[in-house]
Amino acid sequence: MKKRVILAYSGGLDTSVIVRWLTDKGFEVITYTADVGQGEELDEIPEKAKAAGAVEAIVDDIKEEFARQYCLPLMRSGALYENRYTLLSALSRPLISKKLVELAHKYNAHYVAHGSTGKGNDQVRFETSVWALDPDIEVLAPVRDWEFKSRDEEIEYAKKHGIPVKATKEKPYSYDRNLWGVAIEAGDLEDIWKEPPEDAFEITVNPQNAPDQPEYIEIEFEKGIPVAVNGKKYNELWKLIWDLNEIGGKHGVGRIDMVENRLVGIKSREVYESPAGLILIKAYDEIESLVLDRFTYHYKLTHIAQPYADLVYNGLWFSKLREALDAFTSEIASIVNGIVRFKLYKGSAQIVGRKSPNGLYFEKLATYSPEDEFDHKAGEYFTKVWGLPLKVFAKANKKGIDK
Ligand code: ARG
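Small disclaimer: the values here were computed from a predicted structure and weren't measured. (Residues numbered from 1 in each chain as written. Predicted model: local features only at pLDDT ≥ 70, side-chain atom pairs only at ≥ 80, totals over all residues. Heavy atoms only, no water.)

A. Highlighting the packing of aromatic side chains. Evaluated as defined, the whole model comprises 15 aromatic pairs. Consider the rings of Tyr85 and Tyr272, whose centres lie 4.0 Å apart with planes at 10°: the pair is stacked. Linking Tyr85 in the loop between α3 (63-77) and α4 (88-106) with Tyr272 in strand β12 (residues 267-273), this pair joins segments that are 187 residues apart in sequence. This pair shows no difference in class: Tyr85 is buried, exactly as Tyr272 is. Ring geometry for Trp238 and Trp242: centres 6.2 Å apart, planes at 75°, overall edge-to-face. Of this pair, Trp238 and Trp242 both sit in helix α8 (residues 237-250), separated by four residues, roughly a single helical turn. A connected cluster of aromatic rings, assembled from ring pairs, spans Trp21, Trp146, Phe148 and Tyr157. Across the ring face of Trp238, the terminal group of Lys63 is positioned such that the distance to the ring centre comes to 4.4 Å. (Phe/Tyr/Trp six-rings, centres within 6.5 Å; stacked < 30°, edge-to-face > 60°. Helix = DSSP H or I, 4+ residues; strand = E, 2+ residues; numbered from the N terminus. Buried < 20%, exposed > 50% of the residue type's maximum accessible area, 1.4 Å probe, protein only. Lys NZ or Arg CZ within 6 Å of the ring centre and 35° of its normal.)

Listed below in structure tokens is the structure:
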């Protein structure tokens, strides 16, 4: 019996060559292509996959699942890898892996395959995710193993096997795009001193060329779910994210340029565009800061956001830790209600207003006007007690003028 493999297939040159290469090695290849909001027409994918040798080609629209099960919990966690990156690529890998495993079971395949290289994070994320869901499946990574020593050799092989190689000069960058944004690597970006060339960007305008008038937008949350933009309700979360990318992108919001620490030990220059991701993470945090007591809010910031970012980046989506952290953020989500008002202007998304039906801001407590209801005497005694340990310490250590 032929060995059967489910391949994560993008339709690009690498994964098409993989189809052929695996077929040559005696595998029966079934391709899987997910629509995660990469904004590409996928109609021609099955034809392409079959031309390369696939026995079956599956195309699957999983945008809503990606939005609800992956983007939403990430937003709630507040995760930004190294305080900057919205984790867009890291987020899609576990879902694609889950689909590969489901198909492996359905088609009785013992193997799944991906097109990641040996020096990136994605290989790790695919493989850890697959094993977490089915430890018996074997994962193949042909790009890591094959004999081609250069791009030219690969193209040579493609041509020999009738795999179409685009004649048009492609952009000299590597892209990964989904609902949560775009990751851009390689080419000129490898010079970390050089400003990213304008042609690298896909979904944001240069802030310099953004409209001269600011635009105000309002994002509404109900029980921790973004449900409306500017009063327009969305039933489909993916669509809300999609539209936010467009609105933010138009104002040049969401560009990230960083040198990040990859899991495999390399530092690499990464450029991202993630307008919706950044806006939603900021908006959610703003409502949390309003509805949570200080203790819970600070705990969230120090104990949840960063560990969550690291675990997602490091391929541990299907871990107990992620489930436990999600339980924490779900608990909080039940009271995240309200509206955040942004001013978008030439690359910035500034929060200029917020409100919540269960917010903890009481003007009568905060005000410096005669309406003030705060007990100032209480402030005095509180300060005395709070400062006592420092005072005692200073005395014991003979600080001060009297010694
Ligand atoms: N460095 C980012 C990450 O590890 C982006 C990876 C982009 N992947 C790609 N195949 N171009 O999450």
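B. Expanded view of the sheet that holds strand β14 (residues 348-355). Spatially, five strands are ordered β10-β9-β8-β13-β14 in an open sheet, and the strand pairing comes out antiparallel. Because the sheet does not close on itself, it has two edges, and the strands there are β10 (232-233) and β14. Examined bridge by bridge, strand β13 (residues 338-345) and β14 share seven bridges and lie antiparallel to one another. Residue pairing across strands places Leu344 opposite Ala349, the latter belonging to β14. Against the sheet, α3 touches β8 (215-222) and β9 (225-229), its axis set at about 95° to β9. (Pairing = 2+ DSSP bridges. Contact = heavy atoms within 4.5 Å. Axes fitted to C-alpha atoms, helices over the stretch in contact; angles between N-to-C directions.)

C. A look at a negative patch on the surface. On the surface, Glu41, Asp43, Glu44 and Glu47 cluster together into a negatively charged patch. Of note, Glu44 is situated in the loop between β2 (27-35) and α2 (45-52). (Patch = residues over 30% accessible without salt bridge, like charges linked within 9 Å, V, L, I, M, F, W, Y side chains within 5 Å. Areas by Shrake-Rupley, 256 points an atom, 1.4 Å probe, with all protein chains shown as cover. Salt bridge = Lys/Arg side-chain N within 4 Å of Asp/Glu carboxyl O. Lys, Arg positive; Asp, Glu negative; His and termini not counted. Charge placed at Lys NZ, Arg CZ, Asp CG, Glu CD.)

D. Region of the structure containing the environment of Ser10. Note that Ser10 resides in the loop between β1 (3-8) and α1 (13-24). On a C-alpha basis, the gap between Ser10 and Glu64 in space is 19 Å, while along the polypeptide they are 54 residues apart. In contact with Ser10, other than residues within four places in its own chain, are Thr15 and Ile45. One polar contact links Ser10 to Thr15, side chain to side chain, over a distance of 3.2 Å. (Polar contact = N/O pair within 3.5 Å; in protein donor to acceptor, adjacent residues only side chain to side chain.)

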